[in-house]
Amino acid sequence: MSLSLKLPTEKTNVTNSQKTPPQTKNQLLAQKIAPPKTVDQALSLLRNPKTYNQVPKNFFQGKLFIGENLSHIDFTGFNLTGMNLSGANLTRTNLSGANLTGANLTGANLSGANLSGASLSGADLTNANLTNANLIGAYLKKANLTGAYLPYVDLTYVDLTNANLTGAYLPYVDLTYAYLSGANLSGANLSGANLTDSNLKNVNLSTATLIKANLIEADLYRADLTNADLTKAVLENVDLRDGNVRGADFTGAELKGGMF
């Protein structure tokens, strides 16, 4: 009689530290999707919430987007310095906190765009459409907004120091606590604008329209108001010392408590 012997099988003891942890869906997705190589690939990734984070924040720096449709894309916090976005469609695009220093946005459509906290220092926004755009806390020092269209826009606390707003359309904008020192607003339309407590030192407002504008507590030290229309404007407690008001129209304006 033959006996069959069963030899014990060896068991491999695997400790928890040796086990490979299961990968998450996001980790697997990251392995499958490489960083974009072209602009079209990058834009496609941005439009998909699952692949949004695959695009490096500085990928678009210095790129050309002349006349491109970039509406509704989220560029929050992106480095877009030096980009050429002239004539681009940026309707309702999210550019909050983005760096657009020196960008070319001439003739761009930025209606409804979110530019809160964005840096637009030295950017060219000539003839840009900014209707209903959010620019709260934006940095526009030395920006060119010649002929720009900004009706009813909220510009509270915006820094427009030495900016060029010649001929800009700014009726009923809110410039409360805005910094406009040295800015050029000659020929601009600021009818009904709120400039309460704004810094307008050395500003050029010659031939500007400020009908029914609110300038309470505004600092207009050495401002140029030559031939400006301030009909029915409120200038209570303003500082107009050393200013040039030659030819300015103050018909029906309130001038209580100011320094002249």
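Scroll up for the structure.
Please read these numbers as outputs of a predicted model, since none were measured by experiment.

Undergrad: Run through the overall build of the protein, naming residues and quoting values.
TA: A count of helices and strands for the protein gives 2 helices and 0 strands. Within the span of the protein, comprising 260 residues, buried residues form 42% of the whole. Of the contacts formed within the protein by residues at least 6 apart in sequence, a portion of 2% connects residues at least 24 apart. Counting only carbon and sulfur atoms, one obtains 49% of the accessible surface of the protein, whose full area is about 13600 Å².

Undergrad: How would you summarise the nonpolar core if you had to cite specific residues and measurements?
TA: Counting residues in each nonpolar core, the largest one holds 78 residues, and the members touching the most others are Phe60, Leu135 and Leu215. Leaving out residues up to four positions away in the same chain, Leu135 has contacts with Leu115, Ser116, Leu120, Leu130, Leu140, Leu150, Val153, Asp154, Leu155 and Val158.

Undergrad: Describe the pattern of salt bridges, listing the residues and the values that go with them.
TA: A side chain with one charge can pair with a side chain of the opposite charge if their charged atoms come near. Applying the stated criterion across every chain yields a total of 3 salt bridges. Its salt-bridge partner being Asp219, residue Lys201 comes within 3.7 Å of it at the nearest N-O pair. One end of the pair, Lys201, is in the segment after helix 2 (39-46); the other, Asp219, is in the segment after helix 2, and 18 residues separate them in sequence. Under the relative-accessibility criterion, Lys201 is labelled partly exposed at 33%. When the shortest N-O distance is used, the salt bridge between Arg222 and Asp242 registers 4.0 Å. Pair noted here: Arg222 is in the segment after helix 2 and Asp242 is in the segment after helix 2, with a separation of 20 residues, a long-range link.

Undergrad: Mind laying out unusual backbone geometry, listing which residues take part and the relevant values?
TA: Even without being glycine, Tyr177 reaches a positive phi, approximately 60°. Note that Tyr177 resides in the segment after helix 2. Phi at Lys232 takes a positive value of approximately 60°, unusual for a residue other than glycine. Inspection of the secondary structure assignment puts Lys232 in the segment after helix 2.

Undergrad: So, the packing of aromatic side chains: which residues are in play, and what are the values?
TA: Inspection of every chain in the model, using the stated rule, returns 9 aromatic pairs. Ring geometry for Tyr149 against Tyr169: centres 4.9 Å apart, planes inclined by 10°, an arrangement best described as stacked. Taken together, the residues span a long stretch of sequence, with Tyr149 in the segment after helix 2 and Tyr169 in the segment after helix 2 at a distance of 20 residues. Classification of Tyr169 by relative accessible area gives partly exposed; the value is 33%. Taken together, the aromatic side chains of Tyr52, Phe59, Phe60, Phe65, Phe75 and Phe78 make up a single cluster linked through ring pairs.

Undergrad: Which residues make up the environment of Thr231, and what values go with them?
TA: Relative to the helices and strands, Thr231 is located in the segment after helix 2. In this structure the C-alpha to C-alpha distance between Thr231 and Leu210, which are 21 residues apart in sequence, comes to 7.1 Å. Residues within four places of Thr231 in sequence aside, it is in contact with Leu210, Ile211, Lys212, Asp249 and Thr251.

Undergrad: Let's hear about the environment of Leu115: which residues, and what values?
TA: By the secondary structure assignment, Leu115 is in the segment after helix 2. Using a relative accessible area of 2% as the deciding quantity, one classes Leu115 as buried. Spatially, the C-alpha atoms of Leu115 and Ala133 are 7.0 Å apart, while their sequence positions differ by 18 residues.

Undergrad: So what's going on with helix 2? Residues and values would help.
TA: Within helix 2 the residues assigned to the buried category are Ala42, Leu43, Leu45 and Leu46. With its buried residues spanning 160° around the axis, helix 2 presents them on a single face.

Undergrad: Which residues make up the environment of Phe260, and what values go with them?
TA: Inspection of the secondary structure puts Phe260 in the segment after helix 2. With relative accessibility at 57%, the residue Phe260 sits in the exposed group. C-alpha separation for the pair Phe260 and Arg241, spaced 19 residues apart in sequence, amounts to 4.6 Å. The residues touching Phe260, leaving out its near neighbours within four places in the chain, are Val238, Leu240, Arg241 and Leu255.

Undergrad: Quick one: what's the story with the side chain of Ser186, residue by residue and with numbers?
TA: Looking at the secondary structure, you find Ser186 in the segment after helix 2. A polar side-chain atom of Ser186 sits 2.8 Å from a polar atom in the side chain of Asn184. For Ser186, the contacting residues outside a window of four places in its chain are Thr166, Gly167, Asn204, Ser206 and Thr207.

Criteria and cut-off values
- Residues numbered from 1 in each chain as written.
- Predicted model: local features only at pLDDT ≥ 70, side-chain atom pairs only at ≥ 80, totals over all residues.
- Heavy atoms only, no water.
- Helix = DSSP H or I, 4+ residues; strand = E, 2+ residues; numbered from the N terminus.
- Buried < 20%, exposed > 50% of the residue type's maximum accessible area, 1.4 Å probe, protein only.
- Contact = heavy atoms within 4.5 Å.
- Areas by Shrake-Rupley, 256 points an atom, 1.4 Å probe, with all protein chains shown as cover.
- Core = buried A, V, L, I, M, F, W, Y, C linked by side-chain atoms within 4.5 Å.
- Salt bridge = Lys/Arg side-chain N within 4 Å of Asp/Glu carboxyl O.
- Phe/Tyr/Trp six-rings, centres within 6.5 Å; stacked < 30°, edge-to-face > 60°.
- Arc of directions from axis to C-beta.
- Polar contact = N/O pair within 3.5 Å; in protein donor to acceptor, adjacent residues only side chain to side chain.

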